[in-house]
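Close look at the chain arrangement
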There are 2 protein chains.
Amino acid sequence: MVEIKELTVGEKVSLRTSSKTWEGIVLESYDPEIVLLKLSSGYNIGIREREILEAKVLEKQTSTEKKKIEQVINKKLPNIAMIITGGTISSRLDPKSGAVISTDAEEIINMAPEIKAIANISKIEKPFMKFSENMGPKDWKKLAETCETLLDDETISGVIITHGTDTLHFTASALSFMLGKLNKPVALTYSQRSIDRGSTDASLNLICAAKYAVSDIAEVALVGHKDLNDEYCLAMPATKVRKMHTSRRDAFQIINSEPLAEISKTEFKILREFNARDNSRKIKADIKFESKIALVKITPGQDPKILDFLASEGYKGIILELFGLGQAPAQDSENNWLPTIKKTVEKGILVCGAPQTISGRLNPNVYSTGRDLQKTGLIFLEDMLPETAFTKMGWVLGHSSWVKEKKVQEKMLENFFGEFNKKISL
Amino acid sequence: MVEIKELTVGEKVSLRTSSKTWEGIVLESYDPEIVLLKLSSGYNIGIREREILEAKVLEKQTSTEKKKIEQVINKKLPNIAMIITGGTISSRLDPKSGAVISTDAEEIINMAPEIKAIANISKIEKPFMKFSENMGPKDWKKLAETCETLLDDETISGVIITHGTDTLHFTASALSFMLGKLNKPVALTYSQRSIDRGSTDASLNLICAAKYAVSDIAEVALVGHKDLNDEYCLAMPATKVRKMHTSRRDAFQIINSEPLAEISKTEFKILREFNARDNSRKIKADIKFESKIALVKITPGQDPKILDFLASEGYKGIILELFGLGQAPAQDSENNWLPTIKKTVEKGILVCGAPQTISGRLNPNVYSTGRDLQKTGLIFLEDMLPETAFTKMGWVLGHSSWVKEKKVQEKMLENFFGEFNKKISL
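Sequence order as written defines residue numbering, which begins from 1 separately in each chain. Labels are handed out in written order, letters beginning with A for the chains and numbers beginning with 1 for the ligands. Residue-level local features of this predicted model are given only where pLDDT is at least 70; pairs of side-chain atoms are given and counted only at 80 or more, and the full residue set underlies all totals for whole chains, interfaces and linings. For side-chain calculations, the full set of non-hydrogen atoms in the structure is used, while hydrogens and water are omitted.

Moving on: the side chain of Gln192 of chain B. For helices the rule is a DSSP run of H or I covering at least 4 residues; for strands it is a run of E covering at least 2, with both sets numbered from the N terminus onward. Positionally, Gln192 of chain B belongs in the loop between strand S11 (186-189) and helix H4 (202-213). In protein, a polar contact requires one atom able to donate a hydrogen and another able to accept it; more generally it is a pair of N or O atoms within 3.5 Å, and residues adjacent in sequence count only if both atoms are side-chain atoms. Within the structure, Gln192 of chain B has its side chain in polar contact with the side chain of Thr165 of chain B (distance 3.3 Å).

Okay, structure coming up:
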């Protein structure tokens with residue numbers, strides 16, 4: 001038996017814990033309490049030092065760890081492209097700050113060796129490296145342009161985008177609008193735990209994203225854990241998904257809709273209709289976007305002056321997160337929003353309402369107050385997510401011809417990419 | 001057989017539909033397509049005219065309909081008080097506008113005759129009649145004062161508040177803070193469908209609220225449907241509940257916590273620890289509240305100038321709905337929020353963060369960006385709901401002694417009424 005501290009990177013070792021004995025190559029670990037092993041399956045596993053009962057060195061200092069896992073192109077398999085943008089899925093722990101820092105593409109692929117039986121990763125693009133809380137409309141545009149190039153490349157079957165989780169649902173819906181009717185699949189994926197953790201959710205998400213990228217579903221989907229088990233992912237429609245938990249691996253939930261597919265390592269079950277792959281068609285990204293848009297979540301008794309402020313700042317559009325079926329404080333309230341909304345609309349600002357409850361559908365016709373609100377010129381966006389409403393509004397207002405022809409209200413109510421779901425009664 | 005249009009209010013009739021034959025007294029219906037019957041069970045039922053195959057008059061024009069159902073005080077039963085505030089639960093359809101309008105207390109009690117076997121409704125208060133989208137801090141104060149009087153009345157066992165659904169969760173948490181440690185139960189309840197509809201959810205909610213009001217659980221709870229079946233209600237902790245659907249009867253969901261009790265017509269199952277009833281103790285409502293508070297939901301790439309606007313308007317506190325584990329756009333973003341947050345805090349404005357994902361817990365220690373954000377002076381409110389954070393901030397800042405003694409940050413992090421849940425790992 002050896003002291004654990006004596007284990008050297010590159011050694012082949014056997015580590016016994018109370019439940020199992022692990023054999024593998026010691027990797028550099030960024031957490032001093034965790035020994036990181038590359039197993040013969042190709043997977044990395046993190047083992048807590050205090051759980052190790054016995055450690056044996058089986059082979060001194062192999063060069064395996066340093067050697068890059070070669071990306072052998074298998075001509076029988078389809079090629080997919082990967083866009084890496086940063087976030088936890090491309091991070092590992094920084095031992096100095098204790099925080100996670102970004103790392104490189106190869107390590108991501110190594111995390112899910114099963115991909116090599118699904119597809120060749122023939123191209124990797126890094127248009128920028130950012131945690132997703134720092135992303136915005138300019139990044140969405142860059143991503144859409146990168147996707148366009150890759151999707152129009154004849155050698156590529158589909159695209160995987162790895163992305164931080166915080167604003168992933170905003171990016172997903174923005175890309176839906178900017179990419180238009182797709183020719184090939186685009187899978188956005190993530191992880192909630194960084195890839196040098198034994199408990200990472202990155203592997204399954206990457207494998208399922210790769211399976212989606214070679215499928216026939218030519219739609220933007222967010223591919224991620226279905227539940228807390230590490231077995232199934234869902235391909236979630238990009239305009240109907242939202243981060244609903246700070247930390248769970250199944251943080252992304254479908255709202256007011258259904259999954260496109262359920263995916264596991266062994267299965268691929270299509271669950272509803274989809275826009276089918278058409279490799280021969282080329283696409284053209286439509287990245288026009290008005291970034292002077294705001295989202296305002298209404299609170300009880302709130303002063304509507306915020307709308308005057310946004311107007312004075314030159315905002316072109318405002319999403320109001322309304323109460324319930326679509327209400328705002330009205331004449332019986334300390335602050336009546338209706339005159340201010342009307343005035344804002346009259347200034348030529350596009351004002352739309354989306355549900356603060358997140359789930360369900362707005363309906364201005366149940367209460368007379370809803371009809372009064374509609375009379376101000378506010379557009380009720382039915383069952384659209386506030387986050388999707390936000391990216392859609394930027395995209396719609398980005399089209400100056402629609403603005404000139406006064407078509408923006410009509411366009412906000414047009415169902416472009418499943419942002420409205422007329423099928424389920426809510 | 002008679003024509004359905006000939007049915008007169010007050011007649012005892014028999015109506016045959018394809019599934020069942022109903023006997024009861026014809027009530028005035030506010031929907032021309034629906035015949036409203038009072039059954040011998042005491043329930044009202046709405047039957048669509050087009051579904052009626054045969055209608056027979058059994059007894060002409062009884063006076064039952066006009067006669068008020070007498071509230072006989074049964075001395076063996078506890079007395080409860082009811083506060084009616086408006087909303088769908090006290091509404092019926094207005095045939096002119098097609099919208100719902102408020103109605104009176106008696107009709108509410110008639111909707112759930114089972115209450116008569118649970119408790120006497122010995123007092124009814126109507127401090128105001130409003131749909132809940134129009135309610136705000138002033139109304140919360142009035143409600144708290146009304147509760148105080150009723151809870152300190154020796155003859156009263158508990159209080160039921162009927163309330164619109166739109167901002168019910170804001171009111172529930174505001175009342176928790178304002179009422180302090182309770183002596184008796186306070187149940188807030190609601191309905192999503194108005195009470196002259198056959199499909200109303202008001203009856204079960206009222207029955208379960210009455211059972212809660214006579215229980216030993218001296219806490220503010222929101223009592224409402226557990227699921228879509230009309231069988232079980234949950235008593236949901238007032239600081240950990242949110243309206244999560246525009247229209248479903250189980251619209252209210254517990255977030256980051258567990259129910260206090262599961263209630264049906266026949267059962268009352270306590271599910272966790274609670275503050276026990278103490279009839280001998282008097283309470284004193286603490287209704288101090290600072291209404292110059294704002295909630296800002298951050299969107300990708302957003303301009304932080306909104307904080308300068310709020311400062312210039314004299315706001316004393318701001319809840320930021322942060323991304324993920326507690327992030328805001330930082331140095332890699334088009335708009336770095338950190339300097340503006342720091343400046344806002346330096347102006348003496350209380351700035352706190354709550355999770356935009358709704359579920360889960362903030363954790364500034366996972367990413368260095370979270371720690372940078374914390375260094376601005378922003379207070380991370382862990383697993384607190386943004387809506388609860390909003391009412392708590394108003395209540396905390398309302399206490400000028402806490403403001404003077406610079407205790408507001410500390411008070412925001414004190415667990416007063418279960419607004420933090422340390423028990424579940426998130």
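The rest of the description comes next.
In many reports, interface size means the accessible area that the parts give up when they come together. Residues are treated as being in contact if the distance between any of their heavy atoms lies within 4.5 Å. Each side of the interface is counted separately: chain A has 62 residues, and chain B has 62 residues. When two parts are brought into contact, each loses some accessible area as probed by a 1.4 Å sphere; the total of that loss over both is the buried area. Between chain A and chain B the total buried area reaches about 5100 Å² when both faces are included, carbon and sulfur atoms providing 56% of it. Interface area lost by chain A to chain B is led by Thr246, Lys297 and Pro300 of chain A, which between them contribute 13%. A pairing counts as a salt bridge when a side-chain nitrogen of Lys or Arg comes within 4 Å of a carboxyl oxygen of Asp or Glu. If you look at where chain A meets chain B, you find six salt bridges. One salt bridge connects Lys305 of chain A with Glu313 of chain B, and the closest N-O pair in it is separated by 3.3 Å. Taken together, the elements giving at least two residues each to the side of chain A that touches chain B come down to helix H2 (137-151), strand S14 (241-243), strand S18 (293-297), helix H5 (305-312), helix H7 (368-375) and helix H8 (386-397) of chain A. Taken together, the residues of the side of chain A that touches chain B break down into 26 nonpolar, 20 polar and 16 charged. All residues other than Ala, Val, Leu, Ile, Met, Phe, Trp, Tyr, Cys, Pro, Asp, Glu, Lys and Arg, Gly among them, are scored as polar; the first ten of these are nonpolar and the last four charged.

Turning to the packing of helix H3 (residues 168-179) of chain B against helix H8 (residues 386-397) of chain B, a few remarks are in order. Residues and elements named next belong to chain B. Contact pair H3 / H8: the axes reach a minimum separation of 9 Å and the direction vectors enclose 40 degrees. On the basis of their axis angle, the class for H3 and H8 is oblique. H8 is crossed by H3, and the crossing has right-handed handedness. Two secondary-structure elements touch here, H3 through His169, Phe170, Ser173, Ala174, Phe177 and Met178 and H8 through Glu387, Thr388, Phe390, Thr391, Lys392 and Trp395. Between N-to-C directions, angles span 0 to 180 degrees; the directions come from axes that are lines fitted to C-alpha atoms, helices contributing only their stretch in contact. Geometric relationships in this document are graded by angle, where less than 35 degrees denotes roughly parallel, more than 145 denotes roughly antiparallel, 65 to 115 denotes roughly perpendicular, and other angles denote oblique. In this scheme the handedness of a crossing depends on how the near helix is turned from the far one: anticlockwise by less than a right angle means left-handed, clockwise means right-handed.

Take the packing of aromatic side chains next. Aromatic rings in a pair are described by how distant their centres are and how their planes are angled relative to each other. All names here are of chain A. When two rings of Phe, Tyr or Trp (its six-membered ring) have centres within 6.5 Å they constitute a pair, described as stacked for plane angles under 30 degrees, edge-to-face for angles over 60, and tilted for the intermediate range. Summed over all chains, the structure comprises 21 aromatic pairs over all chains. Seen in terms of ring centroids, Trp402 and Phe416 are 6.2 Å apart; in terms of plane orientation they differ by 25 degrees. Their pairing is stacked. With Trp402 in helix H9 (residues 400-404) and Phe416 in the segment after helix H10 (408-412), this residue pair connects regions lying 14 residues apart in the sequence. For Trp402, a relative accessible area of 14% translates into the label buried. Aromatic ring contacts, followed pair by pair, group Phe177, Trp395, Trp402, Phe416 and Phe417 into a single cluster. Note on classification: 1.4 Å probe, protein chains only; a residue is buried when its accessible area is under 20% of the maximum for its type, exposed when over 50%, partly exposed between these limits.

Two chain copies here: they are related by a rotation about an axis and a translation along the same axis. Fitting of the copies onto one another was done by least squares over C-alpha atoms, counting residues only where both copies have pLDDT of at least 70. The two copies are related by a screw motion: chain A maps onto chain B through a turn of 180 degrees and a shift of 0.0 Å along the axis, at an RMSD of 0.1 Å. Each copy turns onto its partner about a two-fold axis. Closest approach to the rotation axis among the C-alpha atoms of chain A is made by Lys297 of chain A, whose C-alpha sits 3.2 Å away. Of the residues that chain A buries at the interface, 100% are likewise interface residues in chain B, meaning the two copies contact each other through the same surface.

What follows deals with the pairing of strand S19 (residues 317-322) of chain B. Within a regular strand, the side chains alternate between the two sheet faces. All names here are of chain B. By the criterion of burial, S19 is predominantly enclosed, with six of the six residues buried. Burial along S19 is two-sided: the residues Gly317, Ile319 and Glu321 and Ile318, Leu320 and Leu322 are all buried. On the question of chirality, the crossover connecting strand S18 (residues 293-297) to the parallel S19 by way of helix H5 (residues 305-312) is right-handed. Inspection of the sheet shows S19 paired to strand S20 (residues 350-355) by six bridges, in the parallel sense. Its bridge partner lying in S20, Leu320 is registered against Gly353. Read from S19 through helix H6 (residues 338-346) to S20, the crossover connection turns out right-handed. Handedness of a crossover: with both strands directed away from the viewer, a clockwise path from the first strand across the helix to the second marks it as right-handed. Paired strands are those between which DSSP finds at least two bridges.

Let us now look at the pattern of salt bridges. Where charged atoms from two side chains of opposite charge come close, those side chains can pair. Counted by the stated rule, this structure contains 56 salt bridges over all chains. In this structure, Lys297 of chain B and Glu387 of chain A form a salt bridge, with 2.8 Å as the shortest nitrogen-oxygen distance. Residue Lys297 of chain B is located in strand S18, and its partner Glu387 of chain A is located in helix H8; the two belong to separate chains. Using a relative accessible area of 4% as the deciding quantity, one classes Lys297 of chain B as buried. A salt bridge links Asp153 of chain B to Lys123 of chain B; its shortest N-O distance comes to 2.9 Å.

The next point concerns the state of the cysteines. Any pair of cysteine sulfurs within 2.5 Å is marked as a disulfide. Counted under the stated rule, the structure contains zero disulfides over all chains. The cysteine Cys208 of chain A is free of any disulfide, with Cys233 of chain A supplying the nearest cysteine sulfur at 3.5 Å.

Residues and elements named next belong to chain A. Among the residues of H7, those classed as buried are Thr369, Gly370 and Leu373. One side of H7 holds all its buried residues, which, seen down the axis, span an arc of 105 degrees. Along its buried surface, H7 packs onto strand S19 (317-322), helix H6 (338-346) and strand S21 (379-380). Trailing H7 by a residue or two, Gly377 shows a phi angle of about 100 degrees, which is positive. Directions pointing from the helix axis toward each C-beta atom define the arc.

Residues and elements named next belong to chain A. Strand order in the open sheet made by the eight strands is S9-S6-S10-S11-S12-S13-S16-S17, with mixed pairing throughout. Each end of this open sheet is capped by a strand with a single partner; those strands are strand S9 (120-125) and strand S17 (268-270). Strand-to-strand twist of the sheet, defined as the mean angle between neighbouring strand axes without regard to direction, takes the value 25 degrees. With three bridges joining them, strand S11 (residues 186-189) and strand S12 (residues 220-225) adopt parallel strand pairing.

All right, on to the confidence of the model for chain A then. The predicted coordinates ought not to be read in detail in places where the model reports low pLDDT. Residue and element names in this part refer to chain A. A residue's pLDDT is the predictor's confidence in that residue, given on a scale from 0 to 100. Residues with a pLDDT of 70 or more make up 88% of chain A, whose mean pLDDT is 89. Low pLDDT, under 50, characterises residues 63-70; the stretch is placed with nine contacts to residues that sit more than four places away or in other chains. pLDDT under 50 marks residues 95-101. Its contacts with residues more than four places away, or in other chains, come to 24 contacts. Here the predicted complex scores 0.86 on pTM and 0.85 on ipTM.

Along H5 of chain A, the residues classified as buried are Ile306, Leu307, Phe309, Leu310 and Ala311 of chain A. Backbone geometry just after H5 of chain A places Gly314 of chain A at a positive phi near 85 degrees.

Excluding glycine, residues mostly have negative phi values, and the peptide bonds linking residues are mostly trans. Of note, the phi angle at Ile358 of chain A is positive, near 75 degrees, even though the residue is not glycine. Given the relative accessible area of 3%, Ile358 of chain A is considered buried.

Before going further, it helps to spend a moment on the sheet that holds S21 of chain A. Residues and elements named next belong to chain A. Taken in spatial order, the four strands line up as S18-S19-S20-S21 in an open sheet, and their pairing is parallel. Strand pairing shows two members of the sheet lacking a second neighbour, S18 and S21, which therefore form its edges. Bridge analysis of strand S20 (residues 350-355) against S21 gives two bridges, and the strand direction is parallel. Among the inter-strand pairings, Cys352 is bridged to a residue of S21, identified as Ile379.

Moving on: the domain arrangement of chain A. Residues and elements named next belong to chain A. Just so you know, the domain bounds were taken from an automatic or database domain assignment. Parsing chain A into structural domains produces domain 1 (4-59), domain 2 (79-270) and domain 3 (293-412). One C-alpha centre belongs to domain 2, the other to domain 3; they are set 31 Å apart. The interface is formed by 14 residues belonging to domain 2 together with twelve residues belonging to domain 3. Remark: the boundary between domain 2 and domain 3 carries two salt bridges. Of the charged contacts, one joins Arg242 and Glu387 as a salt bridge, the two residues approaching to 3.0 Å between their closest N and O atoms. Our enumeration of links across domain 2 and domain 3 arrives at seven residue pairs in polar contact (both at pLDDT 80 or more). Looking at the side of domain 2 that touches domain 3, the elements that each hand over two or more residues are helix H3 (168-179) and S14. The dominant element in the side of domain 2 that touches domain 3, judged by the number of residues it contributes, is H3, at six residues. A per-class count over the side of domain 2 that touches domain 3 returns eight nonpolar, four polar and two charged.

Here we come to the side chain of Ser14 of chain B. The residue Ser14 of chain B is located in strand S1 (residues 12-17) in this model. Here Ser14 of chain B is in contact with Thr21, Trp22, Glu23, Glu54, Ala55, Lys56 and Leu58 of chain B, once residues within four sequence places are set aside.

Quick look at the pairing of S11 of chain B now. Residue and element names in this part refer to chain B. Where burial is concerned, the two faces of S11 agree: the one with Val186 and Leu188 and the one with Ala187 and Thr189 are both buried. Relative to S11, strand S10 (residues 158-162) is paired through four bridges, and the arrangement is parallel. What sits directly across from Ile160, in S11, is Ala187.

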